[in-house]
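Summary of the model geometry
What follows is the residue order along each chain.
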Amino acid sequence: MAAAAASLLYLHSPARLPLTTYSLPSLHLPVSLPSNSLSSSFTHLSFSPISKRSPFPTNSSSSSGFYVNAAGEEKKKVLIVNTNSGGHAVIGFYFAQQLLSSGHDVTVLTVGDESSDKMKKPPFTRFSELVSAGGQTVWGNPAEVGKIVGGAAFDVVLDNNGKDLDTVKPVADWAKSANVTQFLYISSAGIYKTSDEVPHVEGDPVKGDAGHVLVENYIADLSFPSWAAFRPQYMIGSGNNKDCEEWFFDRIVRNRPVPIPGSGMQLTNISHVRDLSSMLSLAVENPTAASGKIFNCVSDRAVTFNGLAKLCAQAAGSELKIVYYDPKAVGVDAKKAFPFRNMHFYAEPRAAKEILGWTSSTNLPEDLKERFAEYVSIGRDKKQIKFDTDDKILESLKVVVTV
């Protein structure tokens, strides 16, 4: 039974299968697919930075100065309101990269002050890459977005910051008054109600009082020419400053047991951030098709906790030791002891595939190899890390740690 529980489950998300369907005796890894990073194509392009005297485009109308780039698409002016912390910050960075590589004008407004300690972490430490490609980076309070950008005109605004209506409302109201033609919002797949059927698909019941839901409803009522909401889940990728795969690497490279709550067979969804940015970019390219739609901003495969741990160990070339525990029995808060929800929790990107023609490029085995190489390159494998909660769990289980 222990061997079966530790086996990998990494499979295509079916439409609406009951939970019991996933107890399969034979499992498989995906075929390795080539995945060119955004940054690689990004470096082959050169752009002329916008003048420092006039840091924003100041067209009196967003429709004037029509431009068609090399790909034959309209060049657009995009404002990304980006959070200054958490896992979502990297979405704005990758999205800006992709837009710039396609020839669009991009301004990233990050919450807070450029000199703050938060800006000393990725992805903010890589913002020079955006500036080198012709993008603009500014800082401030999104509630004062109109004051910050002055008379600048934008075709598209992405709010990748607010989790509640009080935070997003000033940005959305300003965008409406400024005649922005497309408003995009990064919501969350966490707003779905717990269901006996997985995965979550667009249209499934959501928690009506959730902050992200109130924002989605408000934006819909503003009647933008085009608007869309994107619901991401867990993500990996260079520049992410919220632990996902790193949590597993931290334990694996130090020859420590990996404590997993429950059986480890809980299903979740891990997406590479390039998938999220590519979905957003397709919405910018197809505003009519995307208008009024909700998109699960996730990859199209699921993985078990056991499977993710196994893939991380394979990427690190190290032995894996899993220890299972009951959070209540050992007296720990699973939310603080483990980086994922202790339940089946994953969504399917059905709408993006059907409406935008989007395809996922996430390939966990290969992506995790890249992530481990960066993990080592920044020296995190040698960093002093406290494992107080782990030790409490292991002590309760009478598991001796030999490092």
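Below: a short report on this structure. (Residues numbered from 1 in each chain as written. Predicted model: local features only at pLDDT ≥ 70, side-chain atom pairs only at ≥ 80, totals over all residues. Heavy atoms only, no water.)

**What to know about helix α16 (residues 388–396)**
Keep this limit in mind: Exposure classes here rest on a 1.4 Å probe applied to the protein chains alone. A residue is buried below 20% of its type maximum, exposed above 50%, and partly exposed in between. Helix numbering and strand numbering both begin at the N terminus, where a helix is a DSSP run of H or I of at least 4 residues and a strand a DSSP run of E of at least 2. Arc definition: directions from the helix axis to the C-beta atoms. By definition, residues are in contact when any of their heavy atoms lie within 4.5 Å.
Every buried residue of α16 is accounted for by Asp-390, Ile-393 and Leu-394. Taken down its axis, α16 places every buried residue within 95 degrees of arc, on the same side. More than 90 degrees from the buried face of α16, the exposed residues found are Asp-388 and Glu-395. Turning to α16, the residues buried within the fold contact α8 (245–252), β11 (258–261), β16 (322–325), α12 (327–330) and α13 (334–337). Once α16 finishes, Lys-398 follows within two positions and takes phi at roughly 60 degrees, a positive value.

**Comments concerning the packing of aromatic side chains**
Put simply, the test is: Each Phe, Tyr or Trp ring (for Trp, its six-membered ring) is paired with any other whose centre lies within 6.5 Å, and the angle between the two planes then decides the class: stacked below 30 degrees, edge-to-face above 60, tilted in between. A ring has a charge above it when a Lys NZ or an Arg CZ is no more than 6 Å from the ring centre and no more than 35 degrees off the ring normal.
Tallied over the full model, the rule gives 19 aromatic pairs. Pairing Phe-372 with Tyr-375 gives two aromatic rings, centres 5.8 Å apart and planes at 20 degrees, and the pair type is stacked. Taken together, the positions of Phe-372 and Tyr-375, both in helix α15 (residues 364–377) and three residues apart, correspond to about one turn of that helix. For Phe-372, a relative accessible area of 14% puts it in the buried group. Cluster of aromatic residues (ring-pair linked, three or more members): Tyr-234, Trp-247, Phe-248, Phe-305, Phe-338, Phe-340 and Phe-345. The ring of Phe-224 has Lys-176 sitting right over it, with the charged end atom 5.6 Å from the ring centre.

**Structural notes on the sheet that holds strand β14 (residues 293–297)**
Quick reminder of the rule: By this definition, two strands are paired if DSSP reports at least two bridges between them. A fitted line through C-alpha atoms represents every axis, and for helices the fit uses only the stretch in contact; the resulting angles, taken between N-to-C directions, go from 0 to 180 degrees.
Strand order in the open sheet formed by seven strands is β5-β4-β3-β6-β7-β9-β14, with parallel pairing between adjacent strands. The strands lining the two open edges of the sheet, one partner per strand, are β5 (136–140) and β14. With strand direction ignored, the average angle separating the axes of adjacent strands in the sheet is 20 degrees. Pairing between strand β6 (residues 156–160) and strand β7 (residues 182–186): four bridges, direction parallel. Looking at β7, one finds that Val-157 is bridged to Phe-183. Relative to strand β3 (residues 77–82), helix α3 (residues 89–101) is tilted by about 165 degrees, and along the sheet it contacts β3, β4 (105–111), β6, β7 and β9 (226–232). In the packing of helix α7 (residues 211–221) onto the sheet, the strands contacted are β7, β9 and β14, and the crossing angle to β7 comes to about 175 degrees.

**Some words on the state of the cysteines**
The criterion, for reference: By convention in this document, the label disulfide applies to cysteine sulfur atom pairs within 2.5 Å.
A complete count under the given rule lists zero disulfides for this structure. Left without a disulfide partner, Cys-244 is nearest to the cysteine sulfur of Cys-312, which lies 7.5 Å away.

**Quick notes on the environment of Gln-233**
Quick note on the threshold: We define a polar contact as two N or O atoms separated by no more than 3.5 Å, with the added condition that, inside protein, one atom must be a possible hydrogen donor and the other a possible acceptor, whereas residues neighbouring each other in sequence contribute only through side-chain atom pairs.
Here Gln-233 shows up in the loop between β9 and β10 (234–236). For the pair Gln-233 and Tyr-346, spaced 113 residues apart in sequence, the C-alpha separation works out to 7.5 Å. Excluding anything up to four places from it in sequence, Gln-233 contacts Ala-189, Thr-268, Asn-269, Cys-297, Val-298, Phe-345, Tyr-346 and Ala-347. Looking at Gln-233, its side chain comes within polar contact range of the main-chain oxygen of Phe-345, at 2.5 Å. Here Ala-347 takes part through its backbone nitrogen, which lies 3.0 Å from a polar atom of the side chain of Gln-233.

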